[in-house]
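Residues per chain are reported as follows:
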Amino acid sequence: MMRVISGYLKGRNILGYNINGTRPTMDRVKESMFASIQDYIDNSTILDLFCGTGSLGIEAISMGASKCYFVDNGKEIVKCLNKNIDNMNIKDKSIILNKDYREALLYFKNNNIKFNIILVDAPYKMEVMEEVIELVTKYDLLLDNGILLLEYSFDKLKDKYNNLELIKSKKYSDKYVNIYRKIID
């Protein structure tokens, strides 16, 4: 069972932890991730890329984010995500895009949509973190001082990418969490 771990939706169940292709973030990892970025969440605009059932974006809304864009290309997963958003009564703060991550990032660029926080938790077999970082910086999708949080297994990531600087990195058994901040020149 997956639950919201903090904020005003704390304790509410999140459906879909058993859907094929999803790999929910463990509670202790999620707790640590959100403790690291909580100062950036209030009234923020969030992107939950590869959102799956929406666990990370829902957590951010629960902690005070004003809006979250949920992106996933799985049809079954998006049905479940819609149920979760309905159950939590957060439709007014949620925008769902059933798209591939590349299409979605281009869509945000073309519509001049920028984020305070981008959460990226791609399926583990996909080594896409460097490409995601490249597109986020190339399309300038983060606001000044914006946060890019990556949960990953295999990719080897650097401490700096263009105007993104690593501010925290932590290992949890077989996965890593890196948090980058957009540096203003």
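Our subject in this report is the structure included herewith.

Reading guide: rules and limits
- Residues numbered from 1 in each chain as written.
- Predicted model: local features only at pLDDT ≥ 70, side-chain atom pairs only at ≥ 80, totals over all residues.
- Heavy atoms only, no water.
- Axes fitted to C-alpha atoms, helices over the stretch in contact; angles between N-to-C directions.
- Helix = DSSP H or I, 4+ residues; strand = E, 2+ residues; numbered from the N terminus.
- Parallel < 35°, antiparallel > 145°, perpendicular 65-115°, else oblique.
- Left-handed = near helix turned anticlockwise from the far one by under 90°.
- Contact = heavy atoms within 4.5 Å.
- Nonpolar A, V, L, I, M, F, W, Y, C, P; charged D, E, K, R; others polar.
- Expected span 1.5 Å × (residues − 1).
- Buried < 20%, exposed > 50% of the residue type's maximum accessible area, 1.4 Å probe, protein only.
- Arc of directions from axis to C-beta.
- Pairing = 2+ DSSP bridges.
- Right-handed = clockwise from strand over helix to strand, strands pointing away.
- Core = buried A, V, L, I, M, F, W, Y, C linked by side-chain atoms within 4.5 Å.

### Observations regarding the packing of helix H1 (residues 27-41) against helix H2 (residues 55-62)
Line of reasoning, step 1. Orientation of H1 relative to H2, taken along the N-to-C sense of each, is 45 degrees, at an axis distance of 11 Å. Classified by the angle between their axes, H1 and H2 sit oblique to one another. The two elements H1 and H2 cross, and the hand of that crossing is right-handed. Counting all contacts with H1, which are made through Lys30, Met33, Phe34 and Ile41, the residues of H2 involved are Ser55, Leu56, Glu59 and Ala60.
Line of reasoning, step 2. Looking at the contact of H1 with H2 residue by residue, the classes come out as five nonpolar, one polar and two charged.

### What to know about the environment of Asn73
Line of reasoning, step 1. When you line up the elements, Asn73 lands in the loop between strand E4 (67-71) and helix H3 (75-88).
Line of reasoning, step 2. Linking Asn73 and Lys99, residues 26 residues apart in sequence, is a C-alpha distance of 4.6 Å.
Line of reasoning, step 3. Leaving out residues up to four positions away in the same chain, Asn73 has contacts with Asn98, Lys99 and Asp100.

### Considerations on H3
Line of reasoning, step 1. Taking 1.5 Å per residue, 14 residues should reach 20 Å; H3 reaches 20 Å between its end C-alpha atoms and fits that length.
Line of reasoning, step 2. Three or more residues of H3 are buried, namely Ile77, Val78, Cys80, Leu81, Asn84, Ile85 and Met88. Relative to the axis of H3, the buried residues are bounded by an arc of 160 degrees and lie together on one face. Of the exposed residues in H3, those oriented more than 90 degrees away from the buried face are Lys75, Glu76, Lys79 and Lys83.
Line of reasoning, step 3. Where the residues of H3 are buried, they touch strand E2 (13-14), H2, E4 and strand E5 (94-97).
Line of reasoning, step 4. Directly after H3, the chain includes Asn89, whose backbone phi takes a positive value near 60 degrees.

### A closer look at the pairing of strand E6 (residues 115-120)
Line of reasoning, step 1. For E6, the tally of buried residues reaches five of six residues, placing the bulk of the element in the interior.
Line of reasoning, step 2. Two elements, strand E3 (residues 45-49) and E6, share four bridges in a ladder whose sense is parallel. Counterpart to Ile46 in the pairing with E6 is Ile117.
Line of reasoning, step 3. Here E6 pairs with strand E7 (residues 142-152) via five bridges, running parallel. When the bridges of E7 are listed, Ile117 appears paired with Ile147.
Line of reasoning, step 4. Crossover E6 to E7 through helix H5 (residues 129-138) is right-handed.

### Here's the deal with the environment of Ser32
Line of reasoning, step 1. As for its position among the elements, Ser32 is in helix H1.
Line of reasoning, step 2. Relative accessible area serves as the criterion here: at 18%, Ser32 is assigned to the buried category.
Line of reasoning, step 3. Separated by 145 residues in the primary sequence, Ser32 and Val177 place their C-alpha atoms 9.5 Å from one another.
Line of reasoning, step 4. Setting aside chain neighbours within four positions, we find Ser32 in contact with Lys170 and Tyr172.

### Focus on the nonpolar core
Line of reasoning, step 1. The biggest cluster of nonpolar side chains holds 31 residues, and the ones touching the most others in it are Leu105 and Phe108.
Line of reasoning, step 2. Within the residue set of this core, elements represented by two or more residues are E3, E4, helix H4 (101-110), E6, H5 and E7.
Line of reasoning, step 3. Ranked by the residues each element gives to this core, the list is headed by H5, at five residues.
Line of reasoning, step 4. Sequence-distant contacts of Leu105, that is, excluding residues within four places in its chain, are made with Leu47, Leu49, Leu135, Val136, Tyr139 and Leu141.

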